[in-house]
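Residue-level structural notes
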Amino acid sequence: MIEVRNLSKSFRTTDGPVDALKNVNLTINNGDIYGIIGMSGAGKSTLVRCINMLERPTEGAVLMDGVDLGAMNGNDLRQMRRRVTMIFQGFNLLMQRTCVRNVMLPLKLAGMPTQQAYQRAMEMLETVGLPDKANAYPAQLSGGQQQRVAIARALATNPEVLLCDEATSALDPKTTHSILELIRDINAKMGITVIVITHQMSVVQEICNRVAILENGAVVEEGKVADVFANPKAEATRNLVYPEMADANVALGNEHGQRVRLIFNGAIAANEPLIAKMALETGVAASILGASTRAVGDRAYGYILLEIPGGPDELAKAVKFLRQTPDVTVSVEVNYPENKEVEA
């Protein structure tokens, strides 16, 4: 288990201190595929570097199986990093070494005899599906193949935790899918805990069981992936889960005075003609400004962004009706010229 407790990280710059992380608290259980997601500058990479102590936190602690990593000496940290390995967006392979020698490198650094290291490296290349590329050089491989070699190298020391820092960001969608399938298979067969750092919600959706959303260095939402997709509470989460909704907001600006964001999950909620039914029962004929749906497992999730015509009374009727629908979250945004309050 990895526990991040009240972790903060500040950097000194010429313009003054910058708070990259602010009081972050996370618990990552053994066997999780845990996603940490946020836009650029949210603090994701700083957090992952604090987890393996490549960056020392300014405040707070990182515990692995109850042991404070920040209290370890240099030798203990080196031993820990064999248990917590990492893959990167840029693969970080040594171009002058063959694939098998790249995979052997951490084993040789740990003092393993050459023949034993070679056998282990070949086993790992077999695991990632590239035993025939053992004597090839990285420049002779595709991006996906290079990432597979990097994964083999990360697995060579038999780690307990695999950190993936934007590991699929440089890959095309088909290759990304194959790498994510490989990571999921490794998690299932080897029991390795995986921490996925990404800015792509589709990556989290495909393989993670839990997710934390970072914004401006702070965790704004955390939970099971299915729960977060079903009912994203934070604005940053909604923008990541439903980017089309954020784009619609930007395009519309302040033109409309009454908007309702309807976020739903489940086949019943998705298939009911809610807007037509609302018009018939309440007399409020809303306009659909944007909509999107997607599937996670055997459930459907999505949103509708509505414009409610009229004034506060019509808005209240619409919201009251919509909130009677099971598995629906309704949020209201109003922009009246006189900043008039609405009870909805």
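**Examining the sheet that holds strand E8 (residues 193-198)**
Here 6 strands make up an open sheet; going across it, the order is E6-E7-E8-E3-E9-E10 and the pairing mixed. Both outer strands of the open sheet, strand E6 (84-88) and strand E10 (218-224), are each paired with one neighbouring strand and no more. Averaged over all pairs of adjacent strands, the angle between their axes in this sheet comes to 15 degrees, without regard to strand direction. Bridging between E6 and strand E7 (residues 161-165) involves 5 bridges; their strand directions are parallel. Note on E7: the bridge partner recorded for Phe 88 is Asp 165. Its contacts with the sheet put helix H1 (residues 44-51) on strand E3 (33-37), E6, E7, E8 and strand E9 (210-215), and the angle it makes with E8 is roughly 150 degrees. Sheet contacts for helix H2 (residues 74-83): E6 and E7; angle to E6, the most-contacted strand, approximately 60 degrees.

**A few points about the pattern of salt bridges**
Going through the model one piece at a time under the given rule, you end up with 8 salt bridges. Note that Glu 55 and Arg 49 form a salt bridge whose closest N and O atoms lie 3.7 Å from each other. On the basis of relative accessible area, Arg 49 is assigned to the partly exposed category, the value being 33%. Across the pair Asp 185 and Lys 189 runs a salt bridge whose closest N-O atoms are separated by 3.4 Å.

**A look at the packing of helix H12 (residues 274-282) against helix H13 (residues 312-322)**
Working note: a packed helix pair is described by the angle between its axes plus the distance between those axes. Contact geometry for H12 and H13: axes closest at 10 Å, N-to-C directions at 125 degrees. One finds that H12 runs oblique with respect to H13. In this structure, H12 meets H13 at a crossing whose hand is right-handed. Contacts between H12 and H13 involve Leu 274, Lys 277, Met 278, Glu 281 and Thr 282 from the first element and Lys 317, Ala 318, Phe 321 and Leu 322 from the second. Class assignment of the residues belonging to the contact of H12 with H13 gives a composition of 5 nonpolar, 1 polar and 3 charged.

**Brief notes about the pairing of E10**
As paired elements, E9 and E10 share 6 bridges and run antiparallel to each other. In the strand pairing of E10, Glu 215 is matched with Ala 218. With antiparallel pairing between neighbouring strands as the criterion, E9 and E10 make up a hairpin whose turn holds 2 residues, including Asn 216 at a positive phi of roughly 50 degrees.

How each quantity is defined
- Residues numbered from 1 in each chain as written.
- Predicted model: local features only at pLDDT ≥ 70, side-chain atom pairs only at ≥ 80, totals over all residues.
- Heavy atoms only, no water.
- Pairing = 2+ DSSP bridges.
- Helix = DSSP H or I, 4+ residues; strand = E, 2+ residues; numbered from the N terminus.
- Axes fitted to C-alpha atoms, helices over the stretch in contact; angles between N-to-C directions.
- Contact = heavy atoms within 4.5 Å.
- Salt bridge = Lys/Arg side-chain N within 4 Å of Asp/Glu carboxyl O.
- Buried < 20%, exposed > 50% of the residue type's maximum accessible area, 1.4 Å probe, protein only.
- Parallel < 35°, antiparallel > 145°, perpendicular 65-115°, else oblique.
- Left-handed = near helix turned anticlockwise from the far one by under 90°.
- Nonpolar A, V, L, I, M, F, W, Y, C, P; charged D, E, K, R; others polar.

So yeah, pure geometry; function would need other evidence.
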